[in-house]
Amino acid sequence: MNKPRKISAPRSVLAFLAFLALALSWSLGTPLLSAADEPEQSVKAAATVRMEFSGQDHVWNLPGWQGGFTTPDYLEVAYDLPHSLVQALAEHDPQCYAFRFGTAPVCTVKANANRTAVAGDTASSHMNYTPLYYLLVGWPSLFLHGDAALYGMRIASALITAALLTAAFTTTSRRRGAAAIGVLAAATPAAIYFGSVVNPSGLEICSALLVWASFASLVHAEPGAPGLRRDRILFATSAVLLILTRPLGSLWLVMIVVLVLVTATDLRTRVRELIRGPGARWTGGVLAAALAATLAWDTTQNTMGIVPQTNPKFTFAMGTYLTLQQTPNLIAQMLGQLGWNDVRVPQATALLWCGVVAVLVLLAFALGNRRERLALLATTVLVVVFPMAFEGYSGAAYGVGWQGRYTLPLAVGMPILGAEILMRRLGAVPWGAVGGTLRSLANTLAGTLVIAYLFEVWWAWRRYAQGLAGNTIPMPAKWTPPVSWPTALGLAVVGCIGLVLLLRRASAEVEGGDTAAVTSLTSTPTIQRSIT
């Protein structure tokens with residue numbers, strides 16, 4: 001058991017800068033509008049900050065179902081948007097290279113020339129999600145123009161992503177040092193990528209990641225331990241963001257809370273402390289208000305953007321089977337399938353990242369007690385089964401279209417729980433026996449993640465610089481980001497190095513902790529029983 005340490009302001013700042021470097025490498029190093037749904041989401045963000053919260057409801061009749069699309073590609077919905085922004089949206093439309101792996105994004109200049117010339121003063125929004133995310137990222141479009149407005153919204157999203165990941169990293173490392181490896185493993189390339197472009201999936205994933213980390217800290221902290229107030233504030237903030245970002249946020253929150261509570265040693269006592277402890281009332285009030293707000297929005301808006309139309313030939317078994325077939329692809333999407341899900345994750349990244357997560361989960365399962373094993377097993381099973389059940393239930397009305405990033409708010413809990421359990425169990429052993437091994441394990445896993453992440457960066461560089469039919473080292477580049485490729489790639493490298501160094505420092509501090517106190521604690525019957 002480790003005494004919580006105070007994370008110095010410079011340490012937090014360094015972690016924020018490292019995560020921000022990773023996020024900005026995607027924001028500035030990938031083509032505008034190249035991410036899934038980014039054209040529609042950018043329009044939605046620009047419209048929302050101008051107090052136009054939802055588009056007009058238009059129905060598009062398709063074979064077997066109806067759609068309520070309000071996107072630039074399908075319907076014209078009037079919004080008062082700057083002409084320069086509409087022109088930029090037309091100019092960077094990705095249709096000429098999306099799903100064409102050998103084509104570089106430079107094609108947009110020629111392919112969209114006619115669309116840019118006739119771009120009008122109106123555009124349209126994406127699905128009618130709650131406005132919170134769009135208010136948080138759309139504000140740069142109020143004073144920036146054209147491409148600068150689109151990059152500004154990406155940077156705003158990157159700043160939020162870096163802040164949430166920093167809070168999760170410092171919360172975990174403050175309590176249990178090397179357990180922060182779980183946060184790094186949870187922050188997959190896909191998680192950071194979608195948090196660096198204009199897409200609410202990024203906020204949903206990163207806020208869920210912070211919910212996992214902060215609530216685990218609340219559940220396993222000693223009564224009166226320093227930092228509890230900070231953890232409660234982080235939990236409440238991230239929970240509100242999760243609830244108000246996308247339609248499934250409330251369900252994710254409930255599942256996370258239940259799964260983390262299962263790992264508590266004295267469940268009844270811990271629940272009583274969380275409900276009756278300092279700050280419980282205001283936390284409950286804030287969450288209740290967020291739940292009421294999202295319920296009111298979802299019941300008055302066509303949140304999914306689709307008019308349901310039952311398909312009598314569709315069965316629950318059909319939906320689950322079709323989704324089960326897609327499970328390997330969904331896992332790849334959770335790791336690093338970029339663009340419009342057309343830039344596939346490199347095999348090296350998939351194998352190395354899955355290997356790290358497997359090590360954390362399997363070791364934690366081997367060392368954890370019955371409750372901890374149950375929580376790990378339930379989380380792992382839900383990651384696979386939930387999409388199948390959801391598609392089987394809703395597929396008759398909405399079709400089958402689940403994507404891996406939709407599962408990430410739940411899946412990030414696997415490495416976070418695994419690392420938390422593993423370090424807590426090893427932390428109950430005198431450091432003279434396992435301290436060096438624990439630090440070596442954390443550093444080895446972190447190094448593996450860096451290699452896997454940089455493979456993903458290289459793959460994206462190759463795809464956008466020349467197209468995947470080009471050279472292994474894509475030079476000379478057909479398409480270059482405004483900040484240049486050396487800058488974009490350098491940001492990723494610097495961010496990775498910074499996080500590894502911070503994790504090494506956190507691991508070393510744990511090894512040099514209060515060994516006498518740890519030895520004393522492990523001699524008590526309670527701790528001995530929890531180890532076994």
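Residues numbered from 1 in each chain as written. Predicted model: local features only at pLDDT ≥ 70, side-chain atom pairs only at ≥ 80, totals over all residues. Heavy atoms only, no water.

### Some remarks on the overall build of the protein chain
- Scanning the protein chain from terminus to terminus reveals 24 helices and three strands.
- A total of 532 residues make up the protein chain; the buried ones form 57% of that total.
- Across the protein chain, every contact between residues at least 6 apart in sequence was considered, and the portion connecting residues at least 24 apart equals 81%.
- Of the accessible surface of the protein chain, which amounts to about 21,400 Å², a share of 66% is contributed by carbon and sulfur atoms. (Helix = DSSP H or I, 4+ residues; strand = E, 2+ residues; numbered from the N terminus. Buried < 20%, exposed > 50% of the residue type's maximum accessible area, 1.4 Å probe, protein only. Contact = heavy atoms within 4.5 Å. Areas by Shrake-Rupley, 256 points an atom, 1.4 Å probe, with all protein chains shown as cover.)

### Here's the deal with the packing of aromatic side chains
- All chains considered together, the criterion is met by 16 aromatic pairs.
- Between phenylalanine 19 and phenylalanine 169, the aromatic rings sit 6.2 Å apart at their centres with planes inclined by 70 degrees, giving edge-to-face as the arrangement. Remark: phenylalanine 169 occurs in helix H7 (residues 146-176) and phenylalanine 19 occurs in helix H1 (residues 9-29); sequence separation between them is 150 residues. Across this residue pair, the class does not change: phenylalanine 19 and phenylalanine 169 are buried.
- Centroid distance tyrosine 193 to phenylalanine 194: 5.1 Å. Interplanar angle 80 degrees. Geometry classified as edge-to-face. Comparing tyrosine 193 with phenylalanine 194 shows no difference in burial state: the two are buried.
- Taken together, Trp252, Phe386, Phe390, Trp402 and Tyr406 form an aromatic cluster joined through their ring pairs.
- When the ring centre of tyrosine 134 is taken as origin, the NZ or CZ atom of lysine 44, which lies over that ring, is 5.7 Å away.
- One cation-aromatic arrangement involves arginine 373 over phenylalanine 365; the distance from NZ or CZ to the ring centre is 5.9 Å. (Phe/Tyr/Trp six-rings, centres within 6.5 Å; stacked < 30°, edge-to-face > 60°. Lys NZ or Arg CZ within 6 Å of the ring centre and 35° of its normal.)

### Comments concerning empty space enclosed by the protein
- Evaluated as defined, the whole model comprises seven cavities of 30 Å³ or more.
- If you add up the space inside the largest cavity, you get close to 150 Å³.
- Around the largest cavity, the lining comprises 14 residues; the ones closest to its centre are Leu184, Trp353, Leu449, Val450 and Leu499.
- Class assignment for the residues of the lining of the largest cavity results in 13 nonpolar, one polar and no charged.
- Roughly 80 Å³ of volume is contained in the second largest cavity.
- What lines the second largest cavity is Ser25, Trp26, Gly29, Thr30, Val457, Ala460, Trp461, Trp485, Ala488, Leu489 and Ala492. (1 Å grid on protein atoms, 1.4 Å probe; cavity = no way out; pocket = protein on both sides within 12 Å on 5 of 7 lines; lining within 4 Å. Points joined across faces, edges and corners; volume = space filled by probe spheres on them. Nonpolar A, V, L, I, M, F, W, Y, C, P; charged D, E, K, R; others polar.)

### Examining the pattern of salt bridges
- Counted according to the given criterion, the structure contains eight salt bridges.
- In this structure, the salt-bridge partner of arginine 424 is glutamate 420, at a minimum N-O distance of 2.8 Å. In this pair, arginine 424 and glutamate 420 are both assigned in helix H20 (residues 413-427), four residues apart and thus about one turn of the helix distant. Like arginine 424, the residue glutamate 420 is buried in the burial classification.
- Sharing partners across several salt bridges, the network here consists of Glu372, Glu420, Arg424 and Arg425. (Salt bridge = Lys/Arg side-chain N within 4 Å of Asp/Glu carboxyl O.)

### Considering the packing of helix H15 (residues 316-325) against helix H18 (residues 370-398)
- Running from amino to carboxyl end, H15 crosses H18 at an angle of 140 degrees, the nearest separation of the two axes being 7 Å. Overall, the two elements H15 and H18 adopt an arrangement that is oblique. Of the two elements, H15 crosses H18, and the hand of that crossing is right-handed. Across the interface between the two elements, Phe316, Gly319, Thr320, Thr323 and Leu324 from H15 touch Pro387, Met388, Ala389, Glu391, Gly392 and Tyr393 from H18.
- Its residues assigned to classes, the contact of H15 with H18 shows six nonpolar, four polar and one charged. (Axes fitted to C-alpha atoms, helices over the stretch in contact; angles between N-to-C directions. Parallel < 35°, antiparallel > 145°, perpendicular 65-115°, else oblique. Left-handed = near helix turned anticlockwise from the far one by under 90°.)

### Focus on the state of the cysteines
- Within this structure, the stated rule accounts for one disulfide.
- Shown here is the disulfide that connects cysteine 96 with cysteine 107, its sulfur atoms set 2.0 Å apart. Torsion about the S-S bond of the cysteine 96 and cysteine 107 cystine: about 80 degrees, corresponding to right-handed handedness. Taken as a pair, cysteine 96 in the loop between helix H3 (83-91) and helix H4 (108-111) and cysteine 107 in the loop between H3 and H4 lie far apart in primary sequence, 11 residues in all. (Disulfide = S-S within 2.5 Å.)

### With respect to a nonpolar patch on the surface
- A cluster of nonpolar residues, Phe365, Leu377, Val381, Val384 and Val385, forms a patch on the protein surface that exposes about 380 Å² of accessible area.
- Tracing the backbone shows leucine 377 in helix H18. (Patch = residues over 30% accessible without salt bridge, like charges linked within 9 Å, V, L, I, M, F, W, Y side chains within 5 Å.)

### Side note on helix H2 (residues 38-48)
- Across the 11 residues that make up H2, a large majority, 11, are buried.
- Among the residues making up H2, those that are buried are Glu38, Pro39, Glu40, Gln41, Ser42, Val43, Lys44, Ala45, Ala46, Ala47 and Thr48.
- Of the surrounding secondary structure, the elements contacted by the buried residues of H2 are H3, helix H6 (132-138), H7 and helix H10 (200-220).

### Digging into the nonpolar core
- Core analysis: the biggest nonpolar cluster contains 148 residues, and Phe169, Ile181, Leu209, Trp212 and Phe215 have the highest contact counts within it.
- With 14 residues, the single largest contributor to this core is helix H21 (residues 431-465).
- Once residues lying within four places of it in the same chain are set aside, the contact partners of phenylalanine 169 are Ala15, Phe19, Ala180, Val183, Leu184, Leu499, Leu502 and Leu503. (Core = buried A, V, L, I, M, F, W, Y, C linked by side-chain atoms within 4.5 Å.)

### Quick notes on the confidence of the model for the protein chain
- Across the protein chain, the average pLDDT comes to 84, with 82% of residues at or above 70.
- When the elements of the protein chain are averaged for pLDDT, helix H23 (residues 515-522) gives the smallest value, 35, and helix H9 (residues 189-194) the largest, 97.
- Here residues 68-77 is modelled with pLDDT under 50, and outside its nearest four sequence neighbours on either side it reaches 37 contacts, counting other chains as well.
- Counted against residues more than four places away or in other chains, residues 511-532, with its pLDDT under 50, gives 27 contacts. (pLDDT = per-residue confidence, 0-100.)

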